[in-house]
Amino acid sequence: MQFQETELTQQVAATAKDFAEQYIRPHVMEWDEAQFFPESLFREMGKLGLMGVLVPAEYGGAGLGYFEYNAIIQEIAKVCGSIGLSVAAHNSLCTNHILSFGNDDQKKRWLPKLATAEWIGAWGLTEPNTGSDAGNMKTTAVKQGDQWVLNGTKSWITHGKTGEIAVVICRTGEPRTSGNSTAFVVERGTPGFSAGKKENKLGMRASETAEMIFDNCIISDDNRLGAVGDGFRQAMKILDGGRISIAALSAGIAKGAYEAALKYAQERHQFDQPIANFQGISFKLADMATEIMASDLLIWQACDLKNRGEKVTREGAMAKYYASEVAVKTATEAVQIFGGYGYTKDFPVEKYYRDAKLCTIGEGTSEIQKMVIAREVLH
């Protein structure tokens with residue numbers, strides 16, 4: 001595996017960084033305070049190819065690989081975790097599910113709109129009573145002729161209110177049986193498909209999180225992705241890749257917090273010298289730098305495997321688990337280095353602190369990642 005970034009990866013990272021500095025940084029706290037989801041921003045990112053990173057050019061995407069995708073997510077998350085999260089969810093979950101399991105007609109129908117961010121995508125697996133226990137989901141799809149009738153509620157859905165299109169995993173068999181779920185695409189405006197409660201969150205507040213409600217929602221069988229009963233298997237494969245993006249999101253947040261703390265420690269004087277001169281502070285910075293580098297190496301390994309089309313279950317889980325925990329630790333220590341100022345909204349580290357925690361929960365908790373890793377290493 002090559003650890004040297006290619007010129008293409010560097011160029012893509014520079015594009016994402018410039019965009020984040022110009023169009024995101026000035027509004028970070030404003031959007032966070034108001035829990036405002038800036039739809040128009042994502043349309044602009046779509047014009048740069050940042051919303052169809054992995055989609056081939058024939059479907060209107062950028063046709064890039066996972067190293068470039070990782071770089072994009074990290075550069076955006078360094079500035080705002082919320083926007084990074086929405087970019088990750090749109091690319092890795094909704095868009096990638098259709099790219100991975102849709103037939104050619106379905107890809108031509110939906111991917112160009114997703115890749116350009118003409119449409120924002122959502123992905124529904126989690127329910128109010130089934131987070132990690134997805135095999136026991138309550139949302140059902142019942143076949144009636146050449147149509148399906150969907151009933152149930154999906155919760156904690158990124159873009160659950162605003163997204164124009166959603167990939168939804170519904171139970172089509174008995175609870176807790178093998179092959180009991182199927183994936184469907186539902187477009188906004190379909191009768192019986194509505195948005196429910198928008199969550200009031202600790203962090204990631206500019207990334208919309210809401211319920212999706214299905215009340216006798218009728219869709220065509222043409223909206224089914226893959227075979228009946230294949231939904232859960234598809235979802236697990238999508239999450240394998242999605243965890244790389246959450247690892248990248250975590251690393252970006254960690255780097256943002258670290259860079260802010262490093263700068264502050266060199267500028268803040270106590271006892272007539274920069275606080276970075278004190279071992280208690282310098283050792284914190286050393287730990288941060290080491291653990292962020294380790295996160296990057298795990299992410300790069302997973303990206304390399306994904307680009308080569310190899311199984312990435314273990315490596316994706318390792319990267320997501322480790323990088324997300326490092327993000328929380330790094331953000332916590334950054335607040336500590338800032339002292340009292342770190343506890344105020346006048347400085348950036350309190351937002352990294354709030355945003356980081358979701359990374360240990362979303363797309364499989366740290367505990368679930370350890371279960372996945374353990375299962376992989378024990379078999």
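So, a few notes on the structure that sits alongside this text. (Residues numbered from 1 in each chain as written. Predicted model: local features only at pLDDT ≥ 70, side-chain atom pairs only at ≥ 80, totals over all residues. Heavy atoms only, no water.)

### Some thoughts on helix H7 (residues 231–267)
Since the α-helix packs 3.6 residues into each turn, any two residues three or four apart lie on the same face. Put simply, the test is: Comment: elements are numbered from the N terminus, with helices defined as DSSP H or I runs of at least four residues and strands as E runs of at least two. Under the convention used throughout, the expected extent of a helix is 1.5 Å for every residue step, that is, one less than its residue count. Here the bend at a residue means the angle between the axes of two seven-residue stretches, the one that ends at it and the one that starts at it. Only protein chains enter the area calculation, which uses a 1.4 Å probe; residues under 20% of their type maximum are buried, those over 50% are exposed, and those in between are partly exposed.
Over its 37 residues, H7 runs 53 Å from end to end, which matches the ideal 54 Å to within 8%, given 1.5 Å per residue. The sharpest bend along H7 comes to roughly 30°, located at Gly241. Burial runs high along H7: 28 of the 37 residues are buried.

### Side note on the pairing of strand S7 (residues 209–220)
The line we're drawing: For two strands to be treated as a pair, DSSP must find at least two bridges joining them.
Two strands pair when backbone bridges link them, and strand S3 (residues 147–158) and S7 are joined in this way by nine bridges, in the antiparallel orientation. Note that in S7 the partner of Lys154 across the bridge is Met212. For strand S6 (residues 193–198) and S7, the ladder comprises four bridges, and the chain directions are antiparallel. Note on S7: the bridge partner recorded for Phe193 is Phe214.

### A few points about the pairing of strand S4 (residues 165–171)
For S4, a buried count of seven out of seven residues is recorded, marking the element as mostly surrounded by other parts of the structure. Of the two faces of S4, the one carrying Ile165, Val167, Ile169 and Arg171 and the one carrying Ala166, Val168 and Cys170 are both buried.

### Regarding the packing of helix H1 (residues 7–24) against helix H4 (residues 66–79)
We apply this condition: Helix axes are fitted only over the stretch in contact, all axes being lines through C-alpha atoms; the angle between N-to-C directions runs from 0 to 180 degrees. Each angle gets one of four labels, with under 35 degrees taken as roughly parallel, over 145 as roughly antiparallel, 65 to 115 as roughly perpendicular, and the rest as oblique. Note: crossing handedness is left-handed where the near helix turns anticlockwise from the far helix by less than a right angle, and right-handed where it turns clockwise. Contacts are assigned to residue pairs that have any heavy atoms within 4.5 Å of one another. Throughout, the ten residues Ala, Val, Leu, Ile, Met, Phe, Trp, Tyr, Cys and Pro are labelled nonpolar, Asp, Glu, Lys and Arg are labelled charged, and all others, Gly among them, are labelled polar.
Interhelical geometry of H1 versus H4 gives an angle of 25° and a closest axis separation of 8 Å. When the interaxial angle is binned, H1 and H4 end up roughly parallel. Taken as a pair, H1 and H4 cross one another with a handedness that is right-handed. Facing H1, whose interface residues are Leu8, Thr9, Val12, Ala13, Ala16, Lys17, Ala20, Glu21 and Ile24, H4 presents Phe67, Glu68, Ala71, Ile72, Glu75, Ile76 and Val79. Across the contact of H1 with H4, the residue classes tally to 11 nonpolar, one polar and four charged.

### Some details on helix H10 (residues 349–356)
Of all eight residues that make up H10, seven are buried, and the element is covered over most of its length. Within H10 the residues assigned to the buried category are Val349, Glu350, Lys351, Tyr352, Arg354, Asp355 and Ala356.

### Topic: unusual backbone geometry
Of note in this structure, Met204 is not a glycine but carries a positive phi near 50°. With respect to the element layout, Met204 can be found in the loop between S6 and S7. Positive phi outside glycine occurs at Asp272, with the angle close to 65°. When you line up the elements, Asp272 lands in the loop between strand S9 (269–270) and strand S10 (273–274). Taking the relative accessible area as the measure of exposure, Asp272 reaches 79% and is therefore exposed.

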